[in-house]
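This is what each chain is made of:
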Amino acid sequence: DEKLAIAAINAAKNLEDLKQVKIDFIGDKSPLAKSNQRLGSLSSEQRAQFGKIIGAARSNLNQIFSAKNESLEREKDAHALLTERVDITLPNRQSLPGGLHPLTLLTNEISDLFLGIGYEIKEGPELESEWLNFDALNIPADHPARTMQDTFFIEPLEAKLVLRTHTSPVQIRTMLDQKPPIYVICPGKVYRADELDATHTPVFHQVEGLVIDENITMADLKGTLDYFAKSIFGEGVKTRLRPSYFPFTEPSAEVDFFFNGRWIEWGGCGMVNEKVLTACGIDPKRYSGFAFGMGLERTLMVKYGIEDMHDIVEGDIRFSQHFGVGK
Ligand code: PHE
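These notes cover the structure that comes with them.

Thresholds applied
- Residues numbered from 1 in each chain as written.
- Predicted model: local features only at pLDDT ≥ 70, side-chain atom pairs only at ≥ 80, totals over all residues.
- Heavy atoms only, no water.
- Helix = DSSP H or I, 4+ residues; strand = E, 2+ residues; numbered from the N terminus.
- Rg over C-alpha atoms; globule rule 2.2 N^0.38 Å.
- Buried < 20%, exposed > 50% of the residue type's maximum accessible area, 1.4 Å probe, protein only.
- Contact = heavy atoms within 4.5 Å.
- Areas by Shrake-Rupley, 256 points an atom, 1.4 Å probe, with all protein chains shown as cover.
- Lys, Arg positive; Asp, Glu negative; His and termini not counted.
- Charge placed at Lys NZ, Arg CZ, Asp CG, Glu CD.
- Near = heavy atom within 4 Å.
- Polar contact = N/O pair within 3.5 Å; in protein donor to acceptor, adjacent residues only side chain to side chain.
- Patch = residues over 30% accessible without salt bridge, like charges linked within 9 Å, V, L, I, M, F, W, Y side chains within 5 Å.
- Salt bridge = Lys/Arg side-chain N within 4 Å of Asp/Glu carboxyl O.
- Core = buried A, V, L, I, M, F, W, Y, C linked by side-chain atoms within 4.5 Å.
- Pairing = 2+ DSSP bridges.
- Phe/Tyr/Trp six-rings, centres within 6.5 Å; stacked < 30°, edge-to-face > 60°.

Describing the overall build of the protein chain
For step 1, the next point in the chain: Along the protein chain, the regular secondary structure elements total 12 helices and nine strands.
For step 2, the next point in the chain: At 39 Å, the protein chain has a C-alpha radius of gyration far larger than the 20 Å of a compact globule built from 327 residues.
For step 3, the next point in the chain: The C-alpha extent of the protein chain, read off along each of the three principal axes, is 120 × 50 × 35 Å.
For step 4, the next point in the chain: Out of the 327 residues belonging to the protein chain, those deemed buried represent 39%.
For step 5, the next point in the chain: In the protein chain, of all internal contacts separated by at least 6 residues, the share reaching a separation of at least 24 is 63%.
For step 6, the next point in the chain: Carbon and sulfur atoms form 53% of the exposed surface of the protein chain, whose accessible area is close to 19200 Å².
For step 7, the next point in the chain: Charge separation in the protein chain, taken as the distance between the mean sites of 36 positive and 47 negative side-chain charges, equals 9 Å.

Below, the structure is given as structure tokens:
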């Protein structure tokens, strides 16, 4: 039996084989262990005699076993070193360089052209309080913009949080935060419960402009919009204002621009409503201001003749490559 065991140990090719050998020849159920148990039924003389034989066999086996175990471990390590080695002289795999999405490029372009005339960039949270998104902007509780169709309300409703439906709450945050003169633009994501189609997406981007200073008039607003439109769409581009209504501006207007032979709606604007100024602790007798807000997807689509919103949101590299990304 001992010879058989030694042969089995020596025949083991790997640690798994050896584990089985241990179970078969050394473990609790091995003949060796069983003979050891049977010692109890022998006379004391025989017990001493066979005990010695079994003990010697066991210690001999254990020794051979440990030696084999060690050498197999060493073999395994050596094998791992060989097969898992990394050739650091191989050339790396070619990967396309990453790049900025055209919307990000446009946001940067707009930020730059306003930074250039002394504006600051302001950002606010996309998860916004109902109060800042609506109430502080003079949007009453029964205003259609609040209904379930347009606004993503967040559970629990008592928390009074929404995914902001426009960037105008950043106006309020800015006015509560800093004293006039204020010259800021606020680019960012906004959310409305629309299906994704060729012209809509439930998540889109706006850029908001806000100016509060002494003697600000609608002429300043018009001049700023002209500068904005010409910088984005080209020198020859004109803008026009059409009377409109927003609760947070008075008077309010829609701004259009003339591009490729037609008038295109761009966004909303107006003089900041005195009620809003007062709510933000700004004295309407001393200060006045204007605000404007437009969609960036729309701006991008018009500027580059993109016909389908899907192209902007789907992240296909071939689309971004038109804008110099990943070439
Ligand atoms: N917040 C308005 C919207 O999302 C746009 C707007 C901004 C209008 C600023 C007037 C002044 O539709």
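Remarks on the site of the ligand
For step 1, the next point in the chain: Near the ligand, the surroundings consist of 14 residues, among which His166, Ser168, Arg192, Gln206 and Glu208 are the closest.
For step 2, the next point in the chain: Between a nitrogen atom of the ligand and a side-chain N or O atom of His166, the distance comes to 2.9 Å.
For step 3, the next point in the chain: In the model, an oxygen atom of the ligand is placed 3.0 Å from a nitrogen or oxygen of the Gln206 side chain.
For step 4, the next point in the chain: When residues in the shell around the ligand are grouped by element, the largest group, three residues, is from strand E9 (residues 288-295).

What to know about helix H7 (residues 168-177)
For step 1, the next point in the chain: When you tally the buried positions in H7, you get seven out of 10 residues, the bulk of the element.
For step 2, the next point in the chain: Of the positions making up H7, those classed as buried are Ser168, Pro169, Val170, Gln171, Ile172, Thr174 and Met175.

A look at a negative patch on the surface
For step 1, the next point in the chain: Taken together, the side chains of Asp150, Asp194, Glu195 and Asp197 present a region of like negative charge at the surface.
For step 2, the next point in the chain: Relative to the assigned elements, Asp197 resides in the loop between strand E4 (182-191) and strand E5 (203-213).

Details of the nonpolar core
For step 1, the next point in the chain: The biggest cluster of nonpolar side chains holds 37 residues, and the ones touching the most others in it are Ile110, Phe228 and Phe292.
For step 2, the next point in the chain: Of all the secondary structure elements, the ones that give two or more residues to this core are helix H5 (102-115), E5, helix H8 (218-233), strand E7 (249-259), strand E8 (262-272), E9, helix H10 (296-304) and helix H11 (309-313).
For step 3, the next point in the chain: Sorting elements by how many residues they give to this core places H8 first, with six residues.
For step 4, the next point in the chain: With sequence-adjacent residues up to four places away left out, Phe228 is seen in contact with Ile110, Leu113, Phe114, Val207, Trp266, Phe292 and Met294.
For step 5, the next point in the chain: In this structure, Ile139, Met175, Ile212 and Leu277 belong to the second largest nonpolar core, which totals 22 residues.

Considerations on the pairing of E7
For step 1, the next point in the chain: For E7, the tally of buried residues reaches eight of 11 residues, placing the bulk of the element in the interior.
For step 2, the next point in the chain: Where strand E6 (residues 238-246) lies against E7, eight bridges are found, and the strand directions are antiparallel. Residue pairing for E7: Phe246 is matched across the bridge by Thr249.
For step 3, the next point in the chain: Hairpin connection from E6 to E7: two residues lie between these consecutive antiparallel strands.
For step 4, the next point in the chain: A loop of two residues connects E7 with E8, the two strands running antiparallel in sequence, and Asn260 in this loop sits at a positive phi of about 50 degrees.

Side note on H10
Turn by turn, an α-helix covers 3.6 residues, leaving residues three or four places apart pointing in a common direction.
For step 1, the next point in the chain: Among the residues making up H10, those that are buried are Leu296, Glu297, Thr299, Leu300, Met301 and Val302.
For step 2, the next point in the chain: Gly305 lies just past H10 and shows a positive phi near 65 degrees.

Focus on the pattern of salt bridges
For step 1, the next point in the chain: Within this structure, the stated rule accounts for 12 salt bridges.
For step 2, the next point in the chain: Across the pair Glu109 and Lys303 runs a salt bridge whose closest N-O atoms are separated by 3.2 Å. Taken as a pair, Glu109 in helix H5 and Lys303 in helix H10 lie far apart in primary sequence, 194 residues in all.
For step 3, the next point in the chain: When its relative accessible area of 29% is taken as the criterion, Glu109 is described as partly exposed.
For step 4, the next point in the chain: The salt bridge involving Arg146 is made with Asp135; its shortest N-O contact spans 3.1 Å.

Notes on the packing of aromatic side chains
For step 1, the next point in the chain: Within the structure shown, the criterion is met by 17 aromatic pairs.
For step 2, the next point in the chain: Residues Phe233 and Trp266 carry aromatic rings whose centres are separated by 5.7 Å and whose planes lie at 70 degrees to one another, so their mutual orientation is edge-to-face. Within this pair, whereas Phe233 is found in helix H8, its partner Trp266 is found in strand E8, the two being separated by 33 residues in sequence.
For step 3, the next point in the chain: With a relative accessible area of 4%, Trp266 lands in the buried category.
For step 4, the next point in the chain: For the ring pair Phe290 and Phe292, a centre distance of 6.4 Å and an interplane angle of 25 degrees mean the geometry is stacked.
For step 5, the next point in the chain: For Phe290, a relative accessible area of 1% translates into the label buried.
For step 6, the next point in the chain: A relative accessible area of 1% means that Phe292 is categorised as buried.

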